[in-house]
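# An overview of the molecular structure
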Amino acid sequence: MPCASRSDELVFFVNGRKVMERNVDPEGTLLTFLRKNWTLLSKSWLLRLTGTKYACGRGGCGACTVMVSKHDPVSRKIRHFSVTACLMPICSLHGAAVTTVEGVGSIKTRLPPVQERIAKSHGTQCGFCTPGMVMSMYTLLRNHPQPSEEQLMEALGSNLCRCTGYRPILESGRTFCMESNSCQQKGTGKCCLDWGENDSSPLGKKSEICTKLFAKEEFQSLDPTQELIFPPELLRMAENPEKRTLTFYGERGTWISPGTLKDLLELKVKHPKAPLVLGPAMKSQGHFHPVLLSPARISELSMVTKTSDGLTIGAGCSLAQMQDILAERIAELPEEKTQTYRALLKHLRSLAGQQIRNMASLGGHVISQHCCSDLNPVLAVSNATLNLISAEGTRQIPLNEHFLAGLASADLKPEEILESVHIPHSQKWEFVSAFRQAQCQQNALPHVNAGMRVLLKEGTDSIEDLSIAYGGVGAATISAHRSCQLLLGRRWNELMLDEACRLLLDEVSLPGSAPGGRVEFKRTLVVSFLFKFYLEVLQELKKLVKLFSVPVGALDSRHHSEVSDQFLSALEDFLVTIPQGVQTYQNVDPHQPLQDPVGRPIMHLSALKHATGEAMFCDDIPMVDKELFMALVTSSRAHAKIISIDVSKALELPEVVDVITAEDIPGTNGAEGDKLLAIDEVNCVGQIICAVVAETDVQAKRATEKIEITYEDLEPVIFTIKDAIKHNSFLCPEKKLEQGNVEEAFEKVDQILEEVHVGGQKHFYMETQRVLVIPKTEDKELDIYVSTQDPAHVQVSVFYFKHPHQQDHLSCKTSGWRFWREGRKTSCIRGDCSCGTGHPIRLVLDREDDMLITGGRHPVFGKYKVGFMNNGRIKALDIECYINGGCTLDDSELVTEFLILKLENAYKIRNLRFQGRACMTNLPSNTAFRGFGFPQGALVTESCITAVAAKCGLPPEKIREKNMYKTVDKTIYKQAFNPETLIRCWNECLDKSSFYSRRMHVEEFNKKNYWKKKGIAIIPMKFSVGFAATSYHQAAALVHIYTDGSVLVTHGGNELGQGIHTKMLQVASRELKIPMSCMHISETSTATVPNTIATAASISADVNGRAVQNACQILLKRLEPIIKKHPEGTWEDWIEAAFEQRISLSATGYFRNFLNQCAFLQGLGESGMFLGSSVFFAIADAVATVDIAEDFMVQSPATPERVRMACADRFTEMRPRELSMWIHTWQIPPAEGYSR
Ligand SMILES: Cc1cc2nc3c(=O)[nH]c(=O)nc-3n(C[C@H](O)[C@H](O)[C@H](O)COP(=O)(O)OP(=O)(O)OC[C@H]3O[C@@H](n4cnc5c(N)ncnc54)[C@H](O)[C@@H]3O)c2cc1C
Ligand code: FES
Ligand code: FES
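Since this is a predicted model, take the numbers as computed values, not measurements. (Residues numbered from 1 in each chain as written. Chains lettered and ligands numbered in written order. Predicted model: local features only at pLDDT ≥ 70, side-chain atom pairs only at ≥ 80, totals over all residues. Heavy atoms only, no water.)

### Brief notes about the pattern of salt bridges
Within the structure shown, the criterion is met by 57 salt bridges. Across the pair Lys649 and Glu708 runs a salt bridge, and its minimum N-O distance is 2.8 Å. In this pair, Lys649 sits in helix 21 (residues 648-652) while Glu708 sits in strand 29 (residues 708-713), placing the two residues 59 residues apart along the sequence. Exposure remark for Lys649: the relative accessible area of 40% places this residue in the partly exposed category. Taking the shortest distance from any N to any O, the salt bridge between Arg913 and Asp878 comes out at 2.9 Å. Remark: Asp878 occurs in strand 37 (residues 874-884) and Arg913 occurs in strand 38 (residues 911-919); sequence separation between them is 35 residues. Pair check on accessibility: Arg913 and Asp878 agree, each one buried. Via salt bridges that share partners, Arg35, Lys53, Asp619, Asp620, Glu627 and Arg842 belong to a single interconnected network. (Salt bridge = Lys/Arg side-chain N within 4 Å of Asp/Glu carboxyl O. Helix = DSSP H or I, 4+ residues; strand = E, 2+ residues; numbered from the N terminus. Buried < 20%, exposed > 50% of the residue type's maximum accessible area, 1.4 Å probe, protein only.)

Structural data, given as structure tokens:
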């Protein structure tokens, strides 16, 4: 426990209420404080604010976004900024006001526009990300009540959503924006919704198709005067700042916050090793420091000075403040002086997300000297200097490569701190640029970045000074000093460029073992960035020649003319703009009664609760009496024998209650080959070995480190599919489907093509695995709260695992978009533990453990042989697929079956042979994942079609059309299939998207642009829904009508965000003919609806809907005599009468016999997953327009690296061939291996 007796009082406000806390843990974050703090702060107010969510704990997802307001001592204004609470040290909040989603509004009191609009715009599904989205938007609106679309994009840039898709979320934010662009659907500047009288809308007849999902006019308007004000008490504190040093003592560490610079410098002498903590870096790195110094209250570190030769920015300024300062300076100064500021600003826009930029300090950024720093390369080339201060005095050091490499002679002394950074102005004939390539534009660390500066001799193109620095290519920012020196005096032309590329590749050497890998890609970027800089400077030179009438001879005019217009697209940056899109849906029949909600766009039932943070997820359930916490111990070896497990040191810790190993399991420890807790052997890193139960989550986690496990490594260790094939390591027998005569057909075709395709995908659900198990003393019952989509399966697993003859009741809380069965193991272990200790047990996996323990979508290795005629007609197809199943069977057999069943996709090919095998490897078990093998398999098929198109010299859509089902026929799995809907969908899609005119535009664009290419693709999809086992096609529901007329509906489907509860009430409302507002839905529970079927296979709404319908019809039948007798009566009258007449007002509905049907278009669900493949094939289409590097092909996922390396040009050719040979020897291909 933190030492409250000696600690100072931490004072801050949360949602307008004062928090005075002596008991803070210096290691704690704001997120833990908000979610876990149970202190009664005033008579009626508990802090426990669970609206702010934990998802990644690393500042990467935005789920924990809150607004912090502080008084800025320099500008004397209140600053409102968004932060990620998971990285915000709690002690840094002294004097701040925090606003969480609960403070913005509530459905019980006031629902402000930002929450109302995201809900009504259909911007939430599971709702786990929604509070974070709301808080990012709310902070934006506090600062800019009418933001621009760019500001909106920037504010939401680091908020992840895993289910809604960003369009509706952005749509809700857009309702606050100044301007609203048309959708540009036709590429004509005209919105597809603005059709004139004589236009034929591509969206169909207006009366049938609706494009308006919400009525903007109904929204409340934004009234900034209604918002919480900055607490006057904090304002007084800020205006008369206390100069006393504040100290907060914790169990292990101490946080010291001096009030003056002098005290800070003295403390630095006393604690030379103590880091200065301003931003999120300390928390994100997770290192322990016994003493932390906080310079947050030292105003000298936030000073900004404009001088005649440059700008001096205080080290304590946040990166967001730096953004504002630079923008202001750029507006004030002539362009030639602001080259460096522009380059820095460009990087600041894409560096991390806005929340991190609001927290991270310039000083922390520079001093961290991290190898991927975006700012340091630019600061280094532009001759920035560091102003240092210590108790001894001040001094300046250059921010150069020696400092960045951490050389002691060029670095800070332990007792020194960085006071400010001086960035000089640029001058005429000087050009500075910044380059960056990351996995995505926003919120991603760069693979490589660079800062480049050249000073040309006045009036010439002769190089007077040149500096180039790269990040991401070594352990520190690297300067290409030697190359730059050798290029001095050279003219800025193609010859110089060639020489510079050669020199740079030599100097910036990247060994095969370079951190982060991707060596060939990085080498290509090193020279590609230089090429861009070369072009940029040439363009600027051209302008200068015009402006200053420079004598022609002074510039090497021969080479300027070579920069053709075709090349200029290399200079255009990709802008982050609001994605343009429009959602349409079919209007209901005009005769449908108004109160019947079926087919209408009804807001998600929980949307308002999601938006206010009031929706209850598993870990939001309040702490129960005597609750304990669990943490898991997992294998650190991929394949090993367990020699011993020593738990004694963990058990010695007073706060540890128990350690559970396989020996403690009273029932069955899982199936053979799939043990819940490992016994003698481990088969992957991350396999669960034992579990620690302690009084708090932190204590349980720390105690896991005390458990000593001795292993003996075993052979073989298999990671890849190729290795598994080599070792004949498979999980189940081969699955095979065949029709026609494949061999014979291959003999009659014009051409045969044989290729290989690999693909894979990782999970990143927002809500990590979490379970709460509460034992009931009477009748040995267990209440289990778990986020799963298969409660019955978890219930059965727990039953076998623990003491026999116990009752378990599973309640499923709203789930933060979960996939399949992963809650099973963790629930079982907790189930047993609760029985053993008699205590309620809670387990919340942190993101690292969750990623380590759980598998992902099966990567596939697909080999195809296709025989086709020259006109593109495919006569024979033979596909062999191997999936990487990981170390246990799990659902791999089922996935293999689904994969080969669906391989034919939408094509009728007479001669087919599909084979599939699940490989056993030493990776965590991969599991069924949206689409059950269909996306991976269909990607192989569609890649094959694309390859046939290329061979035939025809567009891929023509080959697709030619081979598609045309008439009623039997599928490979012998089901009669009528392709009418398929063909209609295909034609409508071509028509509505104006596909062919877009294809023409794409071709024209590609002709005109050498460095930028566009692609377009249309992919058909035939997806059969339902499970293979017919026993899974059943569902039940329970409907109660209460005497006041209200209705309670329960069913067997799980709400994962897809809106199943909403749909069930729509059905009940139609059947009972009463409004949805009179109805309530109860959480899914095995106590009310037993033997539920997993919510999967795209049929849950259908089968559960039928069960609800059945229950409602039974009830209505019972009410029929009363209604007939009193047709003029109200619903309440009839229910009252029914009760009087002793008619049961509760009914169970049941449905079975769902027949496999084919769904061709589904926005959500399993099939929708594959719709994204059109983007992949559009990228492949774009790549196909350039020279493709001979040893590369575009593979899934089409990462920037793969796309770049697939396109051969003079820069990819510069990579040394000998490197590629041995780089691959230790790398596991990303699609197969898991670098966790
Ligand atoms: C989620 C996330 C994403 C990120 N993405 C990017 C990215 O894309 N690109 C990028 O370039 N960076 C990125 N960063 C890093 C970020 O830009 C900062 O560099 C980083 O957070 C360090 O700044 P800080 O204020 O958090 O440092 P702190 O934690 O405050 O300090 C870091 C170190 O600097 C020392 N220090 C701090 N101030 C001083 C001072 N005045 N004098 C002496 N020593 C001092 C401290 O003692 C400590 O050792 C990311 C960070 C996070 C958390
Ligand atoms: S950013 Fe804090 S939980 Fe993800
Ligand atoms: S609604 Fe965004 S993660 Fe589910």
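On we go from here.
### Some words on the site of ligand 1
The environment of ligand 1 is formed by 34 residues, the closest being Leu276, Leu278, Ser361, Asp374 and Leu418. Interatomic distance of 3.0 Å between a backbone N/O atom of Gly279 and an oxygen atom of ligand 1. A distance of 2.7 Å separates an oxygen atom of ligand 1 from a polar atom in the backbone of Ser361. Notes on ligand 1: free accessible area 950 Å², of which the protein chains cover 89%. Elements supplying a minimum of two residues to the shell around ligand 1: helix 9 (281-285), helix 13 (362-368) and strand 16 (417-424). (Near = heavy atom within 4 Å. Polar contact = N/O pair within 3.5 Å; in protein donor to acceptor, adjacent residues only side chain to side chain. Areas by Shrake-Rupley, 256 points an atom, 1.4 Å probe, with all protein chains shown as cover.)

### Focus: the sheet that holds strand 1 (residues 10-14)
Taking strand neighbours across the sheet as the criterion, the five strands line up as 2-1-7-5-6 in an open arrangement whose pairing is mixed. Only two strands of the sheet have a single neighbouring strand rather than two, namely strand 2 (17-21) and strand 6 (77-84). The average undirected angle you get between the axes of adjacent strands in this sheet is 30 degrees. Sheet analysis places strand 5 (residues 65-72) next to strand 6, joined by eight bridges and oriented antiparallel. Counterpart to Ser69 in the pairing with strand 6 is His80. Together, strand 5, strand 6 and strand 7 (97-99) form the strand contacts of helix 4 (residues 130-143), whose direction differs from that of strand 5 by roughly 30 degrees. Strand contacts of helix 7 (residues 232-239): strand 1, strand 2, strand 5, strand 6 and strand 7, with the helix running at about 140 degrees to strand 1, the strand carrying the most contacts. (Pairing = 2+ DSSP bridges. Axes fitted to C-alpha atoms, helices over the stretch in contact; angles between N-to-C directions. Contact = heavy atoms within 4.5 Å.)

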